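Summary of structural features
These are the residues of each chain, in order.
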Amino acid sequence: KLLSQNYENSSWNESSAPVESNETPVDMVNLSFEDMNRLFGKISTLSGSEKKRLWKEYKGRTVTWTGNITYVAWGLMTGSIVGVLHQGNNEVTAQIREGYVDHVKKLHKGDPVTYRGKLDKRPKRFTGFKIKDTEIISR
């Protein structure tokens, strides 16, 4: 179901979803989380310098992935942030777009979620992908 734009209503409502367009963004990367993780994650066979060079082609481009919520946080300084688990133990940190803030507060640990956002940071030794300007597509 798509998220409701009616913030007073606690239900999810497809007809008033805040998704601006069903069109595929021109900068869309058609790679699954698993494929991107093979390129940049802990299982990658690329060297650090190869990852750095390749990341320049992907940073700022849009991805759409599905995972399970691990945490939801919001604050004045950080905005809304959601942790999304993929492939067992790979967590993505997604900075949520302004219009989705109240919807994020309705998400719970373990909820499946499909989200779309821009690649901001690649995984490092102890961190996962960071996505910004994220929209919640479905839950």
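See the structure printed just above.
Cut-offs applied
Residues take numbers from 1 onward in each chain, read along the sequence in its written order. Side-chain atom pairs in this predicted model are given and counted only at pLDDT of 80 or more, local residue features only at pLDDT of at least 70, and totals for whole chains, interfaces and linings cover all residues. Calculated side-chain values reflect all of the structure's heavy atoms, with hydrogen atoms and water omitted. Grouping buried Ala, Val, Leu, Ile, Met, Phe, Trp, Tyr and Cys residues that are joined through side-chain atoms within 4.5 Å yields what is termed a nonpolar core. Only protein chains enter the accessibility calculation, which uses a 1.4 Å probe; a residue whose area is less than 20% of its type maximum is buried, one above 50% is exposed, and one in between is partly exposed. Strands here are runs of E lasting at least two residues and helices are runs of H or I lasting at least four, both read from the DSSP assignment and numbered beginning at the N terminus. Here, two residues are considered to be in contact whenever any of their heavy atoms come within 4.5 Å of each other. Here, a salt bridge means any side-chain nitrogen of Lys or Arg that lies within 4 Å of a carboxyl oxygen of Asp or Glu. When DSSP finds two or more bridges between a pair of strands, those strands are recorded as paired. Axis geometry follows a simple rule: fit a line to the C-alpha atoms, using only the stretch in contact for helices, then measure angles between N-to-C directions, giving values from 0 to 180 degrees. Between rings of Phe, Tyr and Trp, where Trp is taken as its six-membered ring, a pair exists when centres lie within 6.5 Å; planes separated by under 30 degrees are stacked, by over 60 edge-to-face, and by other angles tilted. Note that the arc is defined by the directions from the helix axis to the C-beta atoms.

1. Remarks on the nonpolar core
- Core analysis: the biggest nonpolar cluster contains 24 residues, and M36, Y58, W65, Y115, L119, F129 and I131 have the highest contact counts within it.
- Where this core is concerned, the elements lending two or more residues are helix 1 (33–40), helix 2 (48–58), strand 1 (62–75), strand 2 (79–86), strand 3 (90–96), strand 4 (112–121) and strand 5 (130–138).
- Residues within four places of M36 in sequence aside, it is in contact with V29, L31, G41, W55, Y58, W65, L119 and F129.

2. Side note on the pattern of salt bridges
- The final tally for this structure, using the stated rule, is five salt bridges.
- K118 is the partner of D27 in a salt bridge, and the nearest nitrogen-oxygen pair spans 2.9 Å. Separated by 91 residues along the polypeptide, D27 in the segment before helix 1 and K118 in strand 4 bring together distant segments of the chain.
- K118 gets classed as partly exposed once you look at its relative accessible area, which sits at 25%.
- Close ionic contact of R97 with E135 constitutes a salt bridge, the shortest N to O distance being 2.4 Å. Taken together, the positions of R97 in the loop between strand 3 and helix 3 (101–104) and E135 in strand 5 put the pair 38 residues apart, joining distant regions of the chain.
- One salt-bridge network, in which partners are shared between bridges, spans R97, R116, D133 and E135.

3. Thoughts on the sheet that holds strand 5
- In space, the five strands of this closed barrel follow the order 1-2-3-5-4, with mixed pairing throughout. The average angle at which neighbouring strand axes cross in this sheet is 55°, direction not considered.
- Along the sheet face, helix 1 touches strand 1, strand 2, strand 3 and strand 4 and points at about 110° away from the line of strand 3.

4. Quick notes on the packing of aromatic side chains
- Enumeration according to the criterion identifies seven aromatic pairs in this entry.
- On the basis of an interplanar angle of 80° and a centroid distance of 5.7 Å, the ring pair of F40 and Y58 is categorised as edge-to-face. Of this pair, F40 sits in helix 1 while Y58 sits in helix 2; the two residues are 18 residues apart in sequence, bridging distant segments of the chain.
- In this structure F40 comes out as buried when scored by relative accessible area, which is 1%.
- Here the aromatic rings of W55 and F129 are separated by 6.2 Å at their centres, their planes lie at 35°, and the arrangement is tilted. Taken as a pair, W55 in helix 2 and F129 in the loop between strand 4 and strand 5 lie far apart in primary sequence, 74 residues in all.

5. Topic: unusual backbone geometry
- With a phi close to 55°, D133 is a non-glycine residue in the positive phi region.
- Topologically, D133 is positioned in strand 5.

6. A few points about helix 2
- Where helix 2 is concerned, the buried positions are K51, L54, W55 and Y58. The buried residues of helix 2 all sit within an arc of 115° when viewed along its axis, so they share a single face. Exposed residues on helix 2 whose side chains face more than 90 degrees from its buried face are K52, R53, K56 and E57.
- The inward-facing, buried residues of helix 2 abut helix 1 and strand 4.
- Two residues or fewer after helix 2 comes G60, characterised by a positive phi angle close to 85°.

7. Observations regarding the pairing of strand 4
- Pairing between strand 1 and strand 4: seven bridges, direction antiparallel. Of the residues in strand 4, the one forming a bridge with W65 is Y115.
- The pairing of strand 4 with strand 5 spans six bridges and is antiparallel. If you follow K118 over to strand 5, its bridge partner there is K132.

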